[in-house]
Amino acid sequence: MKEGWETVIGLEIHAQLSTESKIFCGCSTRFGDEPNANTCPVCLGLPGALPVLNERAVELGARAALALNLEINERSIFARKNYFYPDLPKGYQISQYDQPFSERGELEIMTAERDEGGHPRQWRPVRVRITRLHLEEDAGKNVHEGLPEVERYSYIDLNRAGTPLAEIVTEPDFRSSWEAYDYVNYVRRALQWVGASEADMEKGNLRCEANVSVRRKGDTAFGTKVELKNLNSVRFMQRAIEYEIERQINLIESGGRVTQETRLWDERAQETRVMRSKEEAHDYRYFPEPDLQPLVVSRDFIERVRESMPELPEARRKRMMEEYQLSFSDASQLTGERALADYYEQAAKASGNPRGAANWLRSELLRELETSGKDISSSPVSPEELAALVRLIDQGAISGKQGKDVLVEMFATGKGAAAIVEERGLSQVSDQSAIDAVIDEVISASPQQLAQYRAGKETLFGFFVGQVMKASKGKANPKIVNERLREKLSQQG
Ligand SMILES: [Zn+2]
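Notes on the structure follow. This structure is a prediction, so every number in the text was calculated from the model and none was measured. (Residues numbered from 1 in each chain as written. Predicted model: local features only at pLDDT ≥ 70, side-chain atom pairs only at ≥ 80, totals over all residues. Heavy atoms only, no water.)

## What about the sheet that holds strand β13 (residues 261-266)?
Next up, step 1: With respect to topology, 9 strands assemble into an open sheet ordered β2-β6-β7-β10-β1-β11-β12-β13-β14, the strand pairing being mixed. Bordering the open sheet on either side are β2 (71-72) and β14 (271-277), each of which pairs with just one other strand.
Next up, step 2: Note: strand β1 (residues 5-16) against strand β10 (residues 164-170), 5 bridges, orientation antiparallel. Across the sheet, Glu12 pairs through a bridge with Val169, a residue of β10.
Next up, step 3: Along the sheet, helix α1 (residues 55-67) makes contact with β2, β6 (102-111), β7 (124-137) and β10, crossing β7 at roughly 165°.
Next up, step 4: Sheet contacts for helix α2 (residues 177-193): β1, β6, β7, β10 and β11 (206-216); angle to β6, the most-contacted strand, approximately 115°. (Pairing = 2+ DSSP bridges. Helix = DSSP H or I, 4+ residues; strand = E, 2+ residues; numbered from the N terminus. Contact = heavy atoms within 4.5 Å. Axes fitted to C-alpha atoms, helices over the stretch in contact; angles between N-to-C directions.)

This is the structure we're talking about:
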């Protein structure tokens, strides 16, 4: 970011709510079915068909709103947003306009700028205001690939038409691309956490758009904003914003002016391109949807939803940091998804060593999971068994190094830690008198080295450790070997 400039970013997120049927009809929302298999007169927009609101969509919308700290309005209005596009059979989208489902959210999120390698520098809290979260239906899809004579025909798949969405709009509160990045990840995790949405950008059930402008530091008026679309991952969005900031600053510094327009991110070319200018912008002619009653939700309903919510991710992160003495980065990773946090807390409690459990989970088990393409909920190693492994190491029954091998075998075979240690005869010798006996043997067999060591050649200490480990076939507890050796070697013979 150039000296003397400030960036202003606002974000819009569309998240598909995880209902089984569409928002205004009973058609399935299943992904990947035959094109147009899941359609009916309502979502095809046939004359005379009437929408009926799906209660489950309202409930999931409420979960999403509460997870993002918004206030739910007891009364909201559906409105028609009129525009013509082939994937919109009715010629309008049922959305909400001046009386949305929920408003006035405020979040504190953790954010950090990243260095060139993408590593976070300093984490700090930042406040973000969410203007609104409203409910609406999705449009269908134009299909341009994989069908006969695509150069002559346009194909339309309306399976997605009528799928419920939550649109989440922020105030222009972000000052850098990384703040925007951390916010979208925050929202994604929160929606998944409470079961409101799968929030998977690759599947298209979470989409985002960014409004970006720049101004000189100290200016209070906003610069002309550009809308960025086609941001297919959070990382793409971050890169697109970064590119756009630089483009706008260079444009203004070279005497040009930023035009209000919509631009698309081209990941291959790593640049944004004009999609449409302001002159082509739509006038949506919103008006209240005459086929639907105002949406009225009772305080009671809102409270019921609130009570059914799990402890939210940020609250859980803070609690876990205190309760288990975890660092910010440990606790953040372990609350990356709910199943992982659940797994961790079970293992932490069963092991009696919360930090040890965190280390083994983060550095060893998660790597095994990633390599095998499994997620935590299908881990072949249960939290209780990970805890058993941590206990064996803490008790000195096996070394940490042996523990790593044991975990790999637990993962591959599904066997318990104790069973593998037993089978492989791994048990570490921690019995001091047994270790003392080996040390005595080694010392009496190496009089020359002993004399040199006592004459001041301290590097020979390693030689003795090696001999003792060899004599014990690697089973002696290295910590005890070190302690005992030091004592015995310094004794005047
Ligand atoms: Zn339908």
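## Examining the environment of Leu17
Next up, step 1: Considering the arrangement of structural elements, one finds Leu17 in the loop between β1 and α1.
Next up, step 2: Residue Leu17 is classed as buried on the basis of its relative accessible area of 1%.
Next up, step 3: Measuring from C-alpha to C-alpha, the distance between Leu17 and Val429 comes to 56 Å, with 412 residues separating the pair along the chain. (Buried < 20%, exposed > 50% of the residue type's maximum accessible area, 1.4 Å probe, protein only.)

## Remarks on the sheet that holds strand β4 (residues 78-82)
Next up, step 1: Strand order across the open sheet formed by 3 strands is β5-β4-β15, with antiparallel pairing between neighbours. Whereas interior strands pair on both sides, the edge strands pair on one side only; in this sheet they are β5 (92-96) and β15 (287-288).
Next up, step 2: Bridge count for β4 against β5 is 5 bridges, and the pairing is antiparallel. Paired with Arg80 across the strands is Ile94, a residue of β5.

## Observations concerning the packing of helix α8 (residues 354-372) against helix α10 (residues 400-413)
Next up, step 1: As a packed pair, α8 and α10 sit with axes 11 Å apart at the nearest point and diverge in direction by 35°. Note on packing geometry: the crossing formed by α8 with α10 is right-handed. Across the interface between the two elements, Trp360, Glu364, Leu365, Glu368, Leu369 and Ser372 of α8 pack against Gly400, Gly403, Lys404, Leu407, Val408 and Phe411 of α10.
Next up, step 2: Its residues placed into classes, the contact of α8 with α10 shows 6 nonpolar, 3 polar and 3 charged. (Left-handed = near helix turned anticlockwise from the far one by under 90°. Nonpolar A, V, L, I, M, F, W, Y, C, P; charged D, E, K, R; others polar.)

## Quick look at the nonpolar core
Next up, step 1: Grouped together as the largest cluster of nonpolar side chains are 109 residues, with contacts concentrated most on Leu68, Tyr183, Leu191, Tyr344 and Leu361.
Next up, step 2: Sorting elements by how many residues they give to this core places α2 first, with 10 residues.
Next up, step 3: Those residues in contact with Tyr344, other than ones at most four positions away along the chain, are Met320, Tyr324, Leu326, Leu334, Pro354, Arg355, Ala357, Ala358 and Leu361.
Next up, step 4: Grouped together as the second largest cluster of nonpolar side chains are 18 residues, Leu450, Val468, Ile480 and Leu489 included. (Core = buried A, V, L, I, M, F, W, Y, C linked by side-chain atoms within 4.5 Å.)

## What about the environment of Leu251?
Next up, step 1: As for its placement among the helices and strands, Leu251 is situated in helix α3 (residues 234-253).
Next up, step 2: A relative accessible area of 27% means that Leu251 is categorised as partly exposed.
Next up, step 3: Residues Leu251 and Arg56, 195 residues apart in the sequence, show an inter-C-alpha distance of 48 Å.
Next up, step 4: The residues contacting Leu251, other than those within four sequence positions of it, are Gly256, Arg257 and Val258.

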